Amino acid sequence: MKFIQHIKGGDPSSLSVAEAAIPVLVENHVLVKVAYFGINRADTLQRQGKYPPPLNESEILGLEVSGEVIAIHDSQAKPVHLRVGDEVFGLVAGGGYAEYAVINTEHVMMVPKNINLGQAAGIAECFLTAYQALFVESHLQCKQKVLIHAGASGVGLAAIQLAKSHDCLIATTASSATKLDLCQHLGADILINYTQQDFVAEIKNNWDGCDLVIDFVAGDYLNRNLKLLNIDGTILYLAMLSGRYADNLDMALLLGKRASIKGSTLRNRSDVYKAELIKKFTDACLADFANGQLVSIIDTEYSVAKLADAHQRIENNDTQGKLVVGW
């Protein structure tokens, strides 16, 4: 099969097509002929040598794919809900940038009606991360007030849609009017251009405060988030775009707000955890893609030949939604 190889520490131009053996199908897994794979910031970080794959996982980049089931292992510990020929999408802990991927049976979802394989390739990582952040980690309740930073990212756009489905009020930050227009279209109520406006002041001008903040930035955002947080509110960190160290934590704010500060990841979770998360998400949300209540926002579909351009756009923060690549 063809796959995308990378040079550890290399720039986007170091990505190239190579050949390897098709991965071996193992128990409780299916073999998928990959049609599209999604691009995530984790991929660019792994290419840079900053985010190694979990132990015993593929060194090939890629965390999500869509395609066709072409083989199912003969021995399954649980009943198989899939058939050869099914169009599916799902999570992998590595190995997505390849023509074939072996995927845990319980990490695979059926492509909803009215969704094509390109759109499906942009669902798994961002929507599962957003669902986990809002409902598993933060126990979001209807009509709460939520601030979502990086609102035009794949996870941000997914989180806006999921929070709005629970009748929440949503504020979001982004770097341009075009990105904020997309956030508004999907349900954001307060739009903040962080290059021109102070998000703390904008929140206080509109609300008493926020019940939940979803943050990808860290750095000086930590204390600023605390300033606008309601009593007993939560700040959930999904990334650290400003670096691994935050500014000095204001303990008076933390204690006074009785705040919870949490961090969350998805890639290094156990297979059992991922299976349970996928089942919850499937039961609660998957049908809403078929009826149009939830939308996979694809910024651009690239060919493999243009993969370096996709990585560069991620690193430039120049996206509105997901970038996917088709074989």
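Residues numbered from 1 in each chain as written. Predicted model: local features only at pLDDT ≥ 70, side-chain atom pairs only at ≥ 80, totals over all residues. Heavy atoms only, no water.

### A look at the pattern of salt bridges
Two side chains with opposite charge may pair up if their charged atoms get near one another.
At step 1: Counted under the stated rule, the structure contains 11 salt bridges.
At step 2: Close ionic contact of Asp 220 with Arg 224 constitutes a salt bridge, the shortest N to O distance being 3.7 Å.
At step 3: Overall, Asp 220 belongs to the partly exposed group, its relative accessible area being 37%.
At step 4: Note that Arg 258 is salt-bridged to Asp 232, the shortest N-O span being 2.8 Å. Residue Arg 258 is located in the loop between α8 (251–257) and β13 (260–263), and its partner Asp 232 is located in strand β12 (residues 229–237); the two are separated by 26 residues in the primary sequence.
At step 5: Note on Asp 232: relative accessible area 48%, which makes it partly exposed.
At step 6: One salt-bridge network, held together by shared partners, links Glu 137, Lys 262 and Arg 269. (Salt bridge = Lys/Arg side-chain N within 4 Å of Asp/Glu carboxyl O. Buried < 20%, exposed > 50% of the residue type's maximum accessible area, 1.4 Å probe, protein only. Helix = DSSP H or I, 4+ residues; strand = E, 2+ residues; numbered from the N terminus.)

### Digging into the sheet that holds strand β9 (residues 169–174)
At step 1: The 6 strands lie next to each other as β10-β9-β8-β11-β12-β13, forming an open sheet whose pairing is parallel. Strand pairing shows two members of the sheet lacking a second neighbour, β10 (190–193) and β13, which therefore form its edges. Recorded for the sheet is a direction-independent mean angle of 15 degrees between the axes of neighbouring strands.
At step 2: In this structure, strand β8 (residues 145–148) lies alongside β9, joined through 4 bridges in parallel fashion. Its bridge partner being in β9, Lys 145 is matched across the sheet by Leu 169.
At step 3: Most of the contacts of helix α6 (residues 199–206) go to β10, to which it runs at about 160 degrees, and overall it touches β8, β9, β10 and β11 (210–215). (Pairing = 2+ DSSP bridges. Axes fitted to C-alpha atoms, helices over the stretch in contact; angles between N-to-C directions. Contact = heavy atoms within 4.5 Å.)

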